[in-house]
Amino acid sequence: MANMSLDEITEKYLDVLSEVGNIGAGNATSAVANMLGLKVDMSVPHVELLEVEKIGSLLGSEEDIIVGIMLAVETDIDGSMMFLMDLPSAHRLVGRMMMMDVENMTDADLHSADFSEMELSAIQEIGNIIAGSYLNALSQMTNLTLTPSVPYLSVDMAASILSVPAIQFGMVSDKALLIKTDIGGVDLPINGFYILMPENDSYEKILAALGMPV
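A quick note: this is a predicted structure, and the numbers were derived from the prediction, not measured. (Residues numbered from 1 in each chain as written. Predicted model: local features only at pLDDT ≥ 70, side-chain atom pairs only at ≥ 80, totals over all residues. Heavy atoms only, no water.)

Student: Describe the overall build of the protein, with residues and values.
Tutor: Along its length, the protein carries six helices and eight strands. Burial status across the protein gives 47% buried among its 214 residues. Summed over its atoms, the accessible surface of the protein is roughly 9,900 Å², and 50% of this surface lies on carbon and sulfur atoms. (Helix = DSSP H or I, 4+ residues; strand = E, 2+ residues; numbered from the N terminus. Buried < 20%, exposed > 50% of the residue type's maximum accessible area, 1.4 Å probe, protein only. Areas by Shrake-Rupley, 256 points an atom, 1.4 Å probe, with all protein chains shown as cover.)

Spelled out as structure tokens, the structure:
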């Protein structure tokens, strides 16, 4: 598979990669829901071969301010993982974690890009839980060792946050394979999604570990 293009990987192994995203994101979503005492729904994962320059528009307008948690995945496979959410979702999540009166937050509060140091620390902790839960599920599926880096947190325009993976993948290909899972809260509305972006040679390792002919 070392010489196989991303287009061929997507066409042949779409269902398998969707299941990888499904289990990883489901584990991470359940961990956050349990921590916050929430009921959270998760969509069926969507695997998409996306042109690198279009990554910046994944959550809406590239000029919208969003919260991004990004980390590197290392050891047996290499790649990146992100959890992105809009400002109201971030305020609701961190508010629930800090036992604030989330239901009475004003629209101005929900759309503010200002977070206290304590709130940013809480979001960082949510990122740690998401990364650990997601990668633990993948590790159990594949028997591969997946080590997350310390999450990097950014509150900025979507285009700015997503320019990092765009540049990273743009150096090796004009496209990136995204395993994307949307989440939404029944008890607490959350507009966000996970993205897992393995580097090209990691697809072979993942598929081989799952028993697929490569």
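Student: Could you give an account of empty space enclosed by the protein, with specific residues and numbers?
Tutor: One pass over the structure, following the stated rule, counts three cavities of 30 Å³ or more. Each pocket or cavity is described by its volume, and for the largest cavity that value is around 50 Å³. Lining the largest cavity are Thr 29, Val 32, Val 40, Phe 83, Leu 93, Ile 183, Ile 190 and Tyr 194. Of the volumes computed, that of the second largest cavity is approximately 40 Å³. Along its surface, the second largest cavity is lined by Val 20, Ile 77, Leu 138, Thr 142, Leu 144, Leu 146 and Ile 206. (1 Å grid on protein atoms, 1.4 Å probe; cavity = no way out; pocket = protein on both sides within 12 Å on 5 of 7 lines; lining within 4 Å. Points joined across faces, edges and corners; volume = space filled by probe spheres on them.)

Student: Lay out the packing of helix H2 (residues 87-97) against helix H4 (residues 117-142) in plain terms, naming residues and giving numbers.
Tutor: Between H2 and H4, whose axes approach to 10 Å, the crossing angle comes to 95 degrees. Judged by the inter-axis angle, H2 sits roughly perpendicular to H4. Touching Leu 93, Val 94 and Met 97 of H2 are Glu 119, Ala 122, Ile 123, Glu 125 and Ile 126, all from H4. Considered class by class, the residues forming the contact of H2 with H4 number six nonpolar, no polar and two charged. (Axes fitted to C-alpha atoms, helices over the stretch in contact; angles between N-to-C directions. Parallel < 35°, antiparallel > 145°, perpendicular 65-115°, else oblique. Contact = heavy atoms within 4.5 Å. Nonpolar A, V, L, I, M, F, W, Y, C, P; charged D, E, K, R; others polar.)

Student: Would you mind going over the pairing of strand E4 (residues 79-86) in detail, with residue names and values included?
Tutor: Both faces of the sheet carry side chains from a regular strand, because those side chains alternate between them. Most of E4 sits inside the fold, with eight of its eight residues counted as buried. On E4, burial covers both faces: Gly 79, Met 81, Phe 83 and Met 85 on one face and Ser 80, Met 82, Leu 84 and Asp 86 on the other are all buried. Pairing geometry for strand E3 (residues 65-75) and E4, over eight bridges, is antiparallel. Note that in E4 the partner of Ile 66 across the bridge is Asp 86. In this structure, the hairpin formed by E3 and E4 is closed by a connection of three residues. Here seven bridges tie E4 to strand E8 (residues 192-198), and the two strands are oriented antiparallel to one another. Paired with Ser 80 across the two strands is Met 197, which belongs to E8. (Pairing = 2+ DSSP bridges.)

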